[in-house]
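Examination of the molecular architecture
Below are the chains, spelled out letter by letter.
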Amino acid sequence: MRITSKGQVTIPQAIREQCGLLPHTEVRFELEEGRLLLVKQDPPGDRGEEGLRLLRQARLRTRLSTDELLALCRGEEL
């Protein structure tokens, strides 16, 4: 098996099926004792949970209230 000029490699179908690697599955690469591992990511929570997580992170960085963040999203002046 070869890596393409774009850095791509094909995972054999039997391995994809055995590991549950469907199209659009998120994976990550890890190095462990000189070996490269391809690890399937846990499925993310629903989109609402992800949005809340991002808003909480923004709040920690900006110190703005939720109302202030929403006003900024709407293009309103504070």
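Our structure's up above, just so we're on the same page.
Notes on the structure in this doc start here. On a predicted model such as this, the values are computed, not experimentally measured, just so you know. (Residues numbered from 1 in each chain as written. Predicted model: local features only at pLDDT ≥ 70, side-chain atom pairs only at ≥ 80, totals over all residues. Heavy atoms only, no water.)

**As for the overall build of the chain**
Scanning the chain from terminus to terminus reveals three helices and two strands. Counted from the first residue to the last, the chain has its helices and strands arranged as α-β-β-α-α. For the chain, the residues scored as buried account for 6% of the 78 residues in total. Long-range contacts, defined here as pairs at least 24 residues apart, represent 3% of the contacts in the chain between residues at least 6 apart. (Helix = DSSP H or I, 4+ residues; strand = E, 2+ residues; numbered from the N terminus. Buried < 20%, exposed > 50% of the residue type's maximum accessible area, 1.4 Å probe, protein only. Contact = heavy atoms within 4.5 Å.)

**Points about the pairing of strand β1 (residues 27-32)**
Looking down a regular strand, the side chains alternate between one sheet face and the other. Relative to strand β2 (residues 35-40), β1 is paired through six bridges, and the arrangement is antiparallel. Opposite Val-27, over in β2, you have Lys-40 as the bridge partner. Counted along the chain from β1 to the antiparallel partner β2, the turn is two residues long, and its residue Glu-33 has a positive phi close to 50°. (Pairing = 2+ DSSP bridges.)

**Some words on a nonpolar patch on the surface**
Taken together, the side chains of Val-27, Phe-29, Leu-31, Leu-36 and Leu-38 present a nonpolar region at the surface, about 540 Å² in accessible area. For the nonpolar patch, the elements supplying multiple residues, two or more each, are β1 and β2. The element contributing the most residues to the nonpolar patch is β1, with three residues. Relative to the elements of secondary structure, Val-27 occurs in strand β1. The class of Val-27 is partly exposed, set by a relative accessible area of 34%. (Patch = residues over 30% accessible without salt bridge, like charges linked within 9 Å, V, L, I, M, F, W, Y side chains within 5 Å. Areas by Shrake-Rupley, 256 points an atom, 1.4 Å probe, with all protein chains shown as cover. Salt bridge = Lys/Arg side-chain N within 4 Å of Asp/Glu carboxyl O.)

**Some details on the environment of Arg-56**
Structurally, the position occupied by Arg-56 is in helix α2 (residues 47-62). Taking the C-alpha atoms as reference points, Arg-56 and Thr-66, ten residues apart in sequence, are found 9.3 Å from one another.

**A closer look at unusual backbone geometry**
In this model, His-24 sits at a positive phi of 75°, which is unusual for a non-glycine residue. When you line up the elements, His-24 lands in the loop between α1 (13-19) and β1. Given the relative accessible area of 79%, His-24 is considered exposed. In the Ramachandran plot, Glu-33 falls in the positive-phi region, its phi being about 50° despite a non-glycine side chain. Residue position: Glu-33 is located in the loop between β1 and β2. Judged by its relative accessible area of 79%, Glu-33 is exposed.

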